[in-house]
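Report on the structure
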Amino acid sequence: MSNQVISEKNNITKKDFRKTFWRSFTLLNSFNYERMEALGYMFSIMPELKKIYKDDPEGLKQAYHRHMEAFNMTIAPAPFVMGISVAMEEQAKEDPNMDRSSINAVKVALMGPLSGIGDTFFWGIFRIIACSIGVSFAKQGNILAPLIMLILFNIPTFLTRWYGLKIGYAQGSKILSDLQESGKMQLFTYCAGIVGVMAIGCMIASQINITSPLHFAIAGQKVVIQTYLNQIMPKLLPLLTTLGIFWAIKKQIKVTKIISSIVVIGFILGVFGIIGG
Amino acid sequence: MHVTLIQAILIAGVVALSNLDGNFFGEMKFREPIVTGFLVGLILGDVKLGLLIGAQLQIIWMGATGIGPTAQLDIGAGGTIGTAVAILTGKGAEVAITFGLPVAVIMQFLNTFLMTSYSVLMHRVDKLIDDLKEKQMIFIHIICGMITASMYAVLTFIVIYFGNNAIESVVKGLPDWANNGLNAVAVILPALGFALLLNILMEKTLIPFFIAGFAITAFSGLNTIAVTLLGVAAALFVYLLGTNKIAGISSTHAGGEEDEEL
């Protein structure tokens with residue numbers, strides 16, 4: 001097997017990228033509500049991080065902590081983001097003045113759009129095509145049906161992962177070094193933040209489904225609270241809940257405490273029919 | 001048709017595989033009913049029937065795209081168990097759905113519980129990082145998915161071997177109030193992830209954009225791609241402004257650093 005060198009300065013090779021490629025499949029393995037795919041992400045780029053920070057254990061620890069921050073994305077395009085992260089980590093190692101928060105800012109900014117595109121392509125288009133062809137074979141009792149379905153679905157996803165990783169790294173490092181040279185990194189980070197927070201705002205409105213089933217009967221009329229909430233603002237409850245939790249995090253309340261509070265308070269609110277899905 | 005011990009264990013294995021598909025194997029799609037139907041058919045000695053029921057379930061589930069680990073319904077477990085029951089009882093896909101459903105619901109509750117408890121392990125990882133214990137970090141990453149898959153397998157084995165009645169009576173026996181409580185917890189938990197993301201990114205100067213992103217989707221229902229494009233437009237505009245590329249508008253502060261102090 002060829003093992004060409006991808007990055008001269010840190011001796012990152014094709015073999016490392018191959019490791020990341022395979023590791024990226026396990027992205028969801030330790031999915032949890034707090035950090036989501038973070039541990040899987042860190043596990044995926046670990047081979048490169050280890051090489052970049054070979055003689056800098058403190059830097060390596062910081063890099064690990066950085067990639068343990070919450071991350072969530074449709075998995076097929078995720079290696080693209082990993083490629084960019086590796087490029088940025090190399091930059092960070094070289095330039096001690098680089099704003100390291102930009103590494104996570106870029107990750108978060110890409111989360112929303114790539115998940116959106118990924119869901120459409122892989123869950124929408126590729127899955128539907130692969131499954132409908134599979135179904136037509138299965139109906140004839142053809143035992144190759146599952147195989148055909150799996151191959152049809154996995155060819156585009158495998159290609160996306162491998163080339164995503166390579167392109168993310170190559171383009172990512174080129175764009176980033178240009179930015180660094182022209183001194184626009186900080187502005188760039190801020191701009192990535194704009195895309196990121198807009199996407200988070202959008203996802204709060206589209207992906208959290210907290211509603212209130214609460215209703216009263218006043219003078220024989222049924223009064224449904226959610227109707228009034230919607231008149232104030234649609235998706236008010238998802239927004240308030242997220243901001244409430246955000247506030248608690250800012251107050252340095254431990255996340256494990258926040259989770260147990262959500263379980264207890266949520267359960268009580270559910271039992272009394274105040275909150276539902 | 002009676003199920004043997006070995007068959008029940010193998011079917012539990014298929015459910016474990018379908019669960020690992022979403023975790024360890026990165027959605028290679030072993031969980032689709034065509035695949036699980038085929039495997040269940042193979043185990044129970046009727047490949048053609050397995051494929052046929054699998055195909056029927058596939059069509060039903062095609063539209064209902066459960067996306068990601070927070071999917072509403074477990075295609076893998078529901079489809080596998082449903083197909084097994086359908087073959088064992090000699091009935092059609094309808095039976096597969098009625099029997100698969102309560103199990104899928106229980107599994108979903110179980111999954112929510114596990115995904116909550118894995119959060120605790122992440123703090124353990126934070127500590128391991130400071131000692132650079134990579135092997136243990138990796139172990140935690142791998143074990144989480146394995147625990148989930150084993151739980152799924154055990155539950156499936158109970159259902160297949162001892163009959164669906166056991167599970168069904170638990171689901172039906174669960175009083176409405178408890179059900180409502182569990183549902184409420186499940187709808188609130190995703191908000192935590194978004195709050196943590198905000199915590200990474202949010203700065204005072206970004207608040208206007210957060211409000212815009214939320215309001216656009218809340219009021220118009222535009223999807224993430226649309227909002228992201230608007231976000232890119234806004235970001236480009238700010239970038240051009242920051243680099244003084246727009247003729248006629250001169251920013252009082254040149255360069256980007258001052259933007260954050262506005």
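Please read all numbers here as calculations on a predicted model, not as lab measurements. (Residues numbered from 1 in each chain as written. Chains lettered and ligands numbered in written order. Predicted model: local features only at pLDDT ≥ 70, side-chain atom pairs only at ≥ 80, totals over all residues.)

1. Regarding the overall build of chain A
Helix and strand counts for chain A come out as 10 helices and four strands. The secondary structure elements of chain A, listed N-terminal to C-terminal, are β-β-α-α-α-α-α-α-α-β-β-α-α-α. Referenced to the eigenvectors of the C-alpha coordinate spread, the extents of chain A come out at roughly 80 × 60 × 30 Å. Each of the 277 residues in chain A was classed as buried or not, and the buried ones make up 51%. Of the contacts made within chain A by residues no fewer than 6 positions apart, 69% connect residues no fewer than 24 positions apart. (Helix = DSSP H or I, 4+ residues; strand = E, 2+ residues; numbered from the N terminus. Buried ≥ 20, exposed ≤ 12 C-beta atoms within 10 Å, placed from the backbone. Contact = placed C-beta atoms within 7 Å.)

2. Overview of the overall build of chain B
A count of helices and strands for chain B gives 10 helices and zero strands. When the elements of chain B are put in sequence order from the N terminus, they spell out α-α-α-α-α-α-α-α-α-α. Split into buried and exposed, the 262 residues of chain B put 44% on the buried side. The long-range fraction of contacts in chain B, counting pairs at least 24 apart against all pairs at least 6 apart in sequence, stands at 62%.

3. Some remarks on the domain arrangement of chain A
Each domain of chain A was delimited in the assignment, giving domain 1 (5-204) and domain 2 (209-271). The gap between the C-alpha centroids of domain 1 of chain A and domain 2 of chain A is 33 Å. (Domains from an automatic or database assignment.)

4. Details of the environment of H67 of chain A
Residues and elements named next belong to chain A. Assignment of secondary structure puts H67 in helix α3 (residues 57-67). Between the C-alpha atom of H67 and that of K107, which follows or precedes it by 40 residues, the distance is 9.6 Å. Residues in contact with H67, not counting those within four places in the same chain, are A38, Y41, M42 and I45.

5. Let's talk about the interface of chain A and chain B
Across the contact, 99 residues belong to chain A and 97 residues belong to chain B. Elements represented by at least two residues in the side of chain A that touches chain B include exactly α2 (38-52), α3, α5 (101-139), α6 (145-182), α7 (185-207), α9 (236-250) and α10 (255-271) of chain A. Here the side of chain A that touches chain B takes 19 residues from α7 of chain A, the largest share from any one element. A breakdown of the residues in the side of chain A that touches chain B according to their chemical character gives 61 nonpolar, 30 polar and eight charged. (Nonpolar A, V, L, I, M, F, W, Y, C, P; charged D, E, K, R; others polar.)

6. Points about helix α2 (residues 33-44) of chain B
Residues and elements named next belong to chain B. Between its first and last C-alpha, α2 extends 15 Å over 12 residues, near the 16 Å set by a 1.5 Å rise per residue. The buried count for α2 comes to 11 of 12 residues, which makes it a mostly enclosed element. The set of residues buried in α2 consists of P33, I34, V35, T36, G37, F38, L39, V40, G41, I43 and L44. One or two steps after α2, the chain reaches G45, where phi turns positive at roughly 85°. (Expected span 1.5 Å × (residues − 1).)

7. Regarding unusual backbone geometry
Even without being a glycine, M36 of chain A presents a positive backbone phi close to 55°. A positive phi angle, near 60°, is found at E27 of chain B, a position not held by glycine.

8. Structural notes on the pairing of strand β4 (residues 221-224) of chain A
Residue and element names in this part refer to chain A. Here strand β3 (residues 215-218) runs beside β4; their pairing, made up of four bridges, is antiparallel. Residue pairing for β4: H215 is matched across the bridge by V224. A loop of two residues connects β3 with β4, the two strands running antiparallel in sequence, and A219 in this loop sits at a positive phi of about 50°. (Pairing = 2+ DSSP bridges.)

9. Describing the packing of helix α4 (residues 75-89) of chain B against helix α6 (residues 134-162) of chain B
All names here are of chain B. Following both chains from N to C, one finds α4 and α6 inclined at 20°, their axes separated by 11 Å at the closest point. The pairing of α4 with α6 is recorded here as roughly parallel in orientation. For the crossing formed where α4 meets α6, the hand is right-handed. Here A77, I81 and A84 of α4 lie close against α6, whose contacting residues are Y152, T156, V159 and I160. Along the lines of polarity and charge, the residues of the contact of α4 with α6 split into six nonpolar, one polar and no charged. (Axes fitted to C-alpha atoms, helices over the stretch in contact; angles between N-to-C directions. Parallel < 35°, antiparallel > 145°, perpendicular 65-115°, else oblique. Left-handed = near helix turned anticlockwise from the far one by under 90°.)

10. Remarks on the environment of A248 of chain A
All names here are of chain A. When you line up the elements, A248 lands in helix α9. Classification of A248 as partly exposed rests on a count of 18 C-beta atoms within 10 Å. Along the chain, A248 and L144 lie 104 residues apart, while their C-alpha atoms are 53 Å from each other. Beyond its immediate chain neighbours, meaning those up to four positions away, A248 contacts I253 and I258.

11. What to know about the packing of helix α1 (residues 5-23) of chain B against α4 of chain B
All names here are of chain B. It is at 8 Å that the axes of α1 and α4 come closest, and there the two elements cross at 155°. In terms of their interaxial angle, α1 and α4 are classed as roughly antiparallel. Considering the relative orientation of α1 and α4, their crossing is right-handed. Counted together, I11, V14, V15, S18, N19 and D21 of α1 and G76, A77, T80, I81 and A84 of α4 form the full contact between these two elements. Of the residues contributing to the contact of α1 with α4, the split by class is six nonpolar, four polar and one charged.

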